[in-house]
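Below are the chains, spelled out letter by letter.
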Amino acid sequence: MSVLICGSVAYDTIMVFKDRFKNHILPDKLHVLSVSFLVPEMRKEFGGCAGNIAYNLKLLGGDPLPMATVGRDFRRYGNWMDQWDIPRRHVTIVDDEFTAQAFITTDLADNQITAFHPGAMSYSHLNEVSEAEDVTIGIVSPDGRDGMIKHAEQFADADIPFIFDPSQGLPMFDAGDLTRFIDQATWVTVNDYEWELVTDHTGLSKSQVQERVEALIITKGAKGSEIHAKGKVYEIPAAKPAQTADPTGCGDAHRAGLLYGLINDMDWETTGRIASLMGAIKIESYGTQNHTFERDDFDLRFEESFGRTI
Ligand SMILES: Nc1ncnc2c1ncn2[C@@H]1O[C@H](COP(=O)(O)OP(=O)(O)OP(=O)(O)O)[C@@H](O)[C@H]1O
Ligand SMILES: [Mg+2]
């Protein structure tokens, strides 16, 4: 029962500038901006939405099947996926391109300057959903624009239920695109900020989106999430993290929890809480694929967090 995870696979380079950008960017010189930040601290991480969701689903004991396009520099990431036994038969190498990569510089006030090179991700439409076998459900996460549109269409045509997860890809789509995605999808998930954009663009209310899908899931950071399904609203609490180190990738961890609950036919109260706990565990570590756990410990922590069993 594989979960086909369509989305980006990317390298993230994260650098920390031990000062504040505003001390170095002069407002009266913005027309000749030329700044260089010395960044003694630097990390290189495995990232991308499909990569992250697959990793988190694997931790839970699920069966992820990522579908993505990557570049000639994929080898290190490929070894990482092999180490975790995440299949990469639908991770296609585009020889002339680099794997998508983000260069993120953060200052001491948590401001960020990011450059994102899409590289091979722009070819994601070359992969087709029909190439994957034994797929029970899927997810369309941020990826090349054409890829997202095509994969959603292909899931719908093949009657494979899927989550539409636009995340940071949202600005690529207009009202028509978004309405079409919602009509094709079985479930839609966004964070509260993204929900404002979706409702603004499409004019659809929560209950109107909910009428078009099985469930609309809106995440709210430390406030947990709300799940709108079949005329009911489930308020799902957040789980308590031991520390909040790095919120990047909480959304992806959350989606892995949703997928896990869905493939195992769990109710929304349980599925939502599994997703919550995944987000809380993720926030305790830097990077998006550095947290680990044993499944028994996860189940125990679930009980401690929510006073119920999975
Ligand atoms: N500070 C926190 N404490 C506990 N749980 C959290 C916290 N932040 C996030 N989570 C969990 O992770 C889920 C997803 O987080 P959030 O709503 O911030 O997604 P997001 O904005 O899409 O994140 P991302 O930065 O990955 O794009 C939340 O619904 C919650 O369950
Ligand atoms: Mg997000």
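Structural notes, computed from the coordinates. (Residues numbered from 1 in each chain as written. Chains lettered and ligands numbered in written order. Predicted model: local features only at pLDDT ≥ 70, side-chain atom pairs only at ≥ 80, totals over all residues. Heavy atoms only, no water.)

Attention now goes to the overall build of the protein chain. A count of helical and extended segments in the protein chain gives nine helices and 13 strands. The C-alpha atoms of the protein chain give a radius of gyration of 19 Å, which matches the 19 Å a tight globule of 310 residues would have. In terms of overall dimensions, the protein chain has C-alpha extents of about 55 × 45 × 45 Å along its principal axes. Sequence-distant contacts in the protein chain: of pairs separated by 6 or more residues, those separated by 24 or more amount to 68%. In the form shown here, the protein chain has an accessible surface area of approximately 14,500 Å², with 49% of it arising from carbon and sulfur atoms. Positive and negative charge centroids in the protein chain, built from 28 and 47 side chains respectively, lie 5 Å apart. (Helix = DSSP H or I, 4+ residues; strand = E, 2+ residues; numbered from the N terminus. Rg over C-alpha atoms; globule rule 2.2 N^0.38 Å. Contact = heavy atoms within 4.5 Å. Areas by Shrake-Rupley, 256 points an atom, 1.4 Å probe, with all protein chains shown as cover. Lys, Arg positive; Asp, Glu negative; His and termini not counted. Charge placed at Lys NZ, Arg CZ, Asp CG, Glu CD.)

Our next topic: the packing of helix α4 (residues 175-184) against helix α5 (residues 192-202). Remark: α4 packs on α5, axes separated minimally by 9 Å, with the N-to-C direction vectors making an angle of 110°. Judged by the angle between their axes, α4 and α5 are roughly perpendicular. Contact with α4, carried on its side by Ala175, Leu178, Thr179 and Ile182, involves Val198, His201 and Thr202 of α5 and no other residues of that element. (Axes fitted to C-alpha atoms, helices over the stretch in contact; angles between N-to-C directions. Parallel < 35°, antiparallel > 145°, perpendicular 65-115°, else oblique.)

The subject of this paragraph is the site of ligand 1. Near ligand 1 lie 17 residues; those nearest to it are Asn191, Thr219, Gly221, Gly224 and Gly251. Within the side chain of Asn191, an N or O atom sits 2.8 Å from an oxygen atom of ligand 1. Starting from 630 Å² of accessible surface for ligand 1 in isolation, the protein chains cover 81%. Mapped onto the shell around ligand 1, the elements with two or more residues apiece are α7 (250-263) and α8 (268-283). Taken together, the residues of the shell around ligand 1 sort by class into seven nonpolar, nine polar and one charged. (Near = heavy atom within 4 Å. Polar contact = N/O pair within 3.5 Å; in protein donor to acceptor, adjacent residues only side chain to side chain. Nonpolar A, V, L, I, M, F, W, Y, C, P; charged D, E, K, R; others polar.)

Ordered in space as β5-β4-β1-β8-β9-β10-β11-β12-β13, the nine strands form an open sheet in which the pairing is mixed. The open sheet has two edge strands, β5 (91-93) and β13 (232-236), and neither has a second partner. This sheet shows a mean twist of 20° between the axes of neighbouring strands, independent of strand direction. Contacting β1 (2-6), β8 (135-140), β9 (162-164), β10 (187-191), β11 (215-219) and β12 (225-229), α7 crosses the sheet at an angle of about 155° to β8. (Pairing = 2+ DSSP bridges.)

What follows deals with the nonpolar core. Core analysis: the largest hydrophobic core is formed by 49 residues, its most contacted members being Ile5, Tyr77, Trp187, Ile227, Trp268 and Phe298. If we ignore the near neighbours within four places in the chain, the residues touching Trp268 are Trp187, Ala215, Ile217, Ile227, Ala229, Tyr234, Ile236 and Leu262. Val129, Val135, Leu170 and Val188 belong to the second largest nonpolar core, which has 30 residues in total. (Core = buried A, V, L, I, M, F, W, Y, C linked by side-chain atoms within 4.5 Å. Buried < 20%, exposed > 50% of the residue type's maximum accessible area, 1.4 Å probe, protein only.)

Considering all chains together, one arrives at 14 salt bridges under this definition. The salt bridge involving Arg295 is made with Asp299; its shortest N-O contact spans 2.7 Å. Highlighted residues: Arg295 and Asp299, both in helix α9 (residues 295-306), separated by four residues, approximately one helical turn. A residue is classified by how much of its surface remains accessible, and Asp299, at 27% relative accessible area, is partly exposed. Look at the salt bridges and you will find they share partners, linking Lys206, Lys220, Glu226 and Glu235 into a network. (Salt bridge = Lys/Arg side-chain N within 4 Å of Asp/Glu carboxyl O.)

Before going further, it helps to spend a moment on helix α3 (residues 145-157). Its 13 residues place the ends of α3 19 Å apart at the C-alpha level, agreeing with the 18 Å of an ideal helix rising 1.5 Å per residue. Considered for burial, the residues of α3 that qualify are Gly147, Met148, Ile149, His151, Ala152, Gln154 and Phe155. Taken together, the buried residues of α3 touch β1, β4 (64-70), β8, β9 and α4. Backbone geometry just downstream of α3 places Asp159 in the positive-phi region, at approximately 60°. (Expected span 1.5 Å × (residues − 1).)

Function-wise, these values are silent; they only describe arrangement.
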